[in-house]
Amino acid sequence: MQHISKLPHVGTTIFTIMGALARAHNAINLSQGFPDFKMDEKLIDLVTKAMHNGYNQYAPMQGSIELRESIAKKLDLLYSSTYHPETEITITTGATQAIFSIILAFIKLKDEVVIFHPAYDCYEPAIELNGGKTISMALESPNFKVDWNAVKAKINNRTKMIIINTPQNPIGTVFSETDMLQLQDITKGTNIIVLSDEVYEHIVFDGEKHQSACLFSELKSRSFVVASFGKTFHNTGWRIGYCCAPKALMDEFRKVHQFNVFCVNHPMQEALAEYLENENHYLELSAFYQEKRDSFLGLIKDSRFKFTASKGTYFQLLDYSEITKENDVDFAKRLTIENKLASIPISVFYNTEVNSKILRFCFAKKNETLKRAADILNSI
Ligand SMILES: Cc1ncc(COP(=O)(O)O)c(C=O)c1O
């Protein structure tokens, strides 16, 4: 049987490739973004409690109302932003499904979607599957700043969506208030939807404030804010996230969501609802990861890798241009096979060829794992 692929350019993702290579060579795996330490047992106990309390059947399509109410409280506390739990917040199967369903709900043939490369890998295939066209804005090292005038120049009557990601994976940058105001300004008076991927909202360093799209009223009126509990509560395998948006946008999202997943794991939602009531569970996260970032960078400060400290996310870029001229994919593979340390080459996050000599390392790891990784980096 012959078929035409709907995603002819997509193969196995680099995360799967590097993960498999790390396992095959018994390497320390700082490639994929997940913690190697345990999550809070209190949250596990809350799931057990929810199961004993009978939360074992379908959850409401929009998500557990208790969880949506807890999220609404959190958004009010952090951003003084009101989202109605009944109509403006939906629980999803991780941020990935929220992103996919938002794009599915709004992007039609030939619609243009602006994204900033290096970008998280799930945006583009979703755009392509819906017949949309990716308009790429390449951000360049070392500071990866957005040129908003250049973005403005790309906007026309086919522009349907702009996807932002702050803090940004893989580069560890955060948008400033000025960035957000410029985005607000260039989308004013248009029909552009903003998809604001904020899965690392609670991992922002050096006292900076996370600039959520919901802080800017005009921007909020056209935005989906996407979040992930996996990143926040160290349980990426639970696959629970959410998105919020004004009712008119959320109504369209739910038309797709109800036929896509219908609803999300019920007992875990109930557990998360109760766990969220204690705001320390998310407010302490930046300090927790900043300590890891600082200790990792302290350990490798005399290595031949160059770096600017990550401003957010749990990723750190390291520049190896003083070590070899190899391209980043080859060097990442060699580092895994010969030195037993896996990372992700950042060229894979671009949709054009780039000659960067930069690898991404995940520091959501136990201190002993980071120490062993640092020993390897210092030996190169
Ligand atoms: C920027 C970004 N967006 C979305 C996701 C997906 O999040 P989830 O695991 O909740 O689907 C990730 C996960 O790595 C990410 O880094």
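Everything that follows concerns the structure shown earlier in this document.
Residues numbered from 1 in each chain as written. Predicted model: local features only at pLDDT ≥ 70, side-chain atom pairs only at ≥ 80, totals over all residues. Heavy atoms only, no water.

Next up on the list: the side chain of H202. Residue position: H202 is located in the loop between β6 (193–197) and α8 (217–220). Overall, the relative accessible area of 7% leaves H202 in the buried class. (Helix = DSSP H or I, 4+ residues; strand = E, 2+ residues; numbered from the N terminus. Buried < 20%, exposed > 50% of the residue type's maximum accessible area, 1.4 Å probe, protein only.)

The next point concerns the pattern of salt bridges. One pass over the full model with this rule turns up 13 salt bridges. Notably, a salt bridge pairs E218 with R222, separated by 3.0 Å at the nearest N-O pair. Taking relative accessible area as the criterion, R222 reaches 9% and is therefore assigned buried. Where K301 meets D302, a salt bridge forms, and the shortest distance between an N and an O atom there is 3.7 Å. Taking the relative accessible area as the measure of exposure, K301 reaches 56% and is therefore exposed. Taking the relative accessible area as the measure of exposure, D302 reaches 67% and is therefore exposed. Through salt bridges that share partners, D206, R293 and D294 make up one connected network. (Salt bridge = Lys/Arg side-chain N within 4 Å of Asp/Glu carboxyl O.)

What follows covers the sheet that holds strand β12 (residues 358–362). Two orientations exist for strands paired in a sheet by backbone hydrogen bonds: parallel and antiparallel. If you trace the three strands from one edge of the open sheet to the other, you get β9-β12-β11, paired in antiparallel fashion. Across the chains shown, the open sheet's two edge strands, defined by having one partner strand only, are β9 (315–319) and β11 (344–345). As paired elements, β9 and β12 share five bridges and run antiparallel to each other. Across the sheet, the residue bridging to D319 is I358, located in β12. (Pairing = 2+ DSSP bridges.)

Extensive coverage of β12 is indicated by the burial of five of its five residues. Residues I358, R360 and C362 of β12 are buried on one face, and the alternating residues L359 and F361, pointing to the opposite face, are buried as well.

The end-to-end C-alpha distance of helix α2 (residues 41–52) is 17 Å, a good match for the 16 Å that twelve residues give at a rise of 1.5 Å each. What α2 keeps buried is the set L43, L46, V47 and A50. Viewed end-on, α2 has its buried residues packed into an arc of 105°, placing them on one side of the element. Exposed and facing more than 90 degrees away from the buried side of α2 are E41 and H52. Among the structural elements, α11 (266–276) are those in contact with the buried residues of α2. (Expected span 1.5 Å × (residues − 1). Arc of directions from axis to C-beta. Contact = heavy atoms within 4.5 Å.)

Turning to the site of the ligand, a few remarks are in order. For the ligand, the set of nearby residues contains 13 residues, the closest of which are T96, D197, Y200, S228 and K231. T96 is positioned with one of its side-chain polar atoms (N or O) 2.5 Å from an oxygen atom of the ligand. Between N169 and the ligand, the recorded distance is 2.7 Å, taken from a side-chain N or O atom to an oxygen atom. Here the ligand, which alone exposes 400 Å², has 93% of that area covered by the protein. If you tally residues by element for the shell around the ligand, the top one is helix α4 (residues 94–106), at four residues. Per-class residue counts for the shell around the ligand are five nonpolar, five polar and three charged. (Near = heavy atom within 4 Å. Polar contact = N/O pair within 3.5 Å; in protein donor to acceptor, adjacent residues only side chain to side chain. Areas by Shrake-Rupley, 256 points an atom, 1.4 Å probe, with all protein chains shown as cover. Nonpolar A, V, L, I, M, F, W, Y, C, P; charged D, E, K, R; others polar.)

The next thing to look at is the packing of aromatic side chains. Under the defined criterion, the tally for this structure stands at 20 aromatic pairs. Centroid distance F233 to Y275: 4.9 Å. Interplanar angle 90°. Geometry classified as edge-to-face. Taken together, the residues span a long stretch of sequence, with F233 in the loop between α9 (229–232) and β8 (241–244) and Y275 in helix α11 at a distance of 42 residues. No difference in accessibility class separates F233 from Y275, as the two residues are buried. Among the aromatic side chains, those forming a connected cluster through ring pairs are F37, Y200, F205, F288, Y289, Y314, F315 and F363. A cation sits over an aromatic face here: K220 above Y83, 4.2 Å from the ring centre. Directly above the ring of F34 sits K365, whose terminal nitrogen or CZ lies 4.2 Å from the centroid. (Phe/Tyr/Trp six-rings, centres within 6.5 Å; stacked < 30°, edge-to-face > 60°. Lys NZ or Arg CZ within 6 Å of the ring centre and 35° of its normal.)

Take the state of the cysteines next. Under the defined criterion, the tally for this structure stands at zero disulfides. Cysteine C243 shares no disulfide, and the gap to the nearest cysteine sulfur, in C244, comes to 7.0 Å. On the accessibility criterion, C243 (0% relative accessible area) is buried. For C263, which is in no disulfide, the shortest distance to another cysteine sulfur is to C243 and amounts to 15 Å. Residue C263 is classed as buried on the basis of its relative accessible area, which comes to 16%. (Disulfide = S-S within 2.5 Å.)

With that settled, the discussion passes to the side chain of Q211. As for its position among the elements, Q211 is in the loop between β6 and α8. Its relative accessible area of 12% is what places Q211 among the buried residues. Q211 has contacts with T166, F175, S176, E177, M180 and F216, leaving out every residue within four places of it along the chain.

For the peptide bond that leads from S141 to P142, omega is 10°, which places it in the cis range. By secondary structure assignment, the location of P142 is in the loop between β4 (133–138) and α6 (148–154). Residue P170 follows N169 across a cis peptide bond; omega there is 15°. Examined against the element boundaries, P170 turns out to sit in the loop between β5 (159–165) and α7 (177–187). A positive phi angle, close to 60°, is found at H234, a residue other than glycine. Of note, H234 is situated in the loop between α9 and β8. A positive phi angle, near 75°, is found at T313, a position not held by glycine. If you trace the backbone, T313 turns up in the loop between α13 (285–299) and β9.

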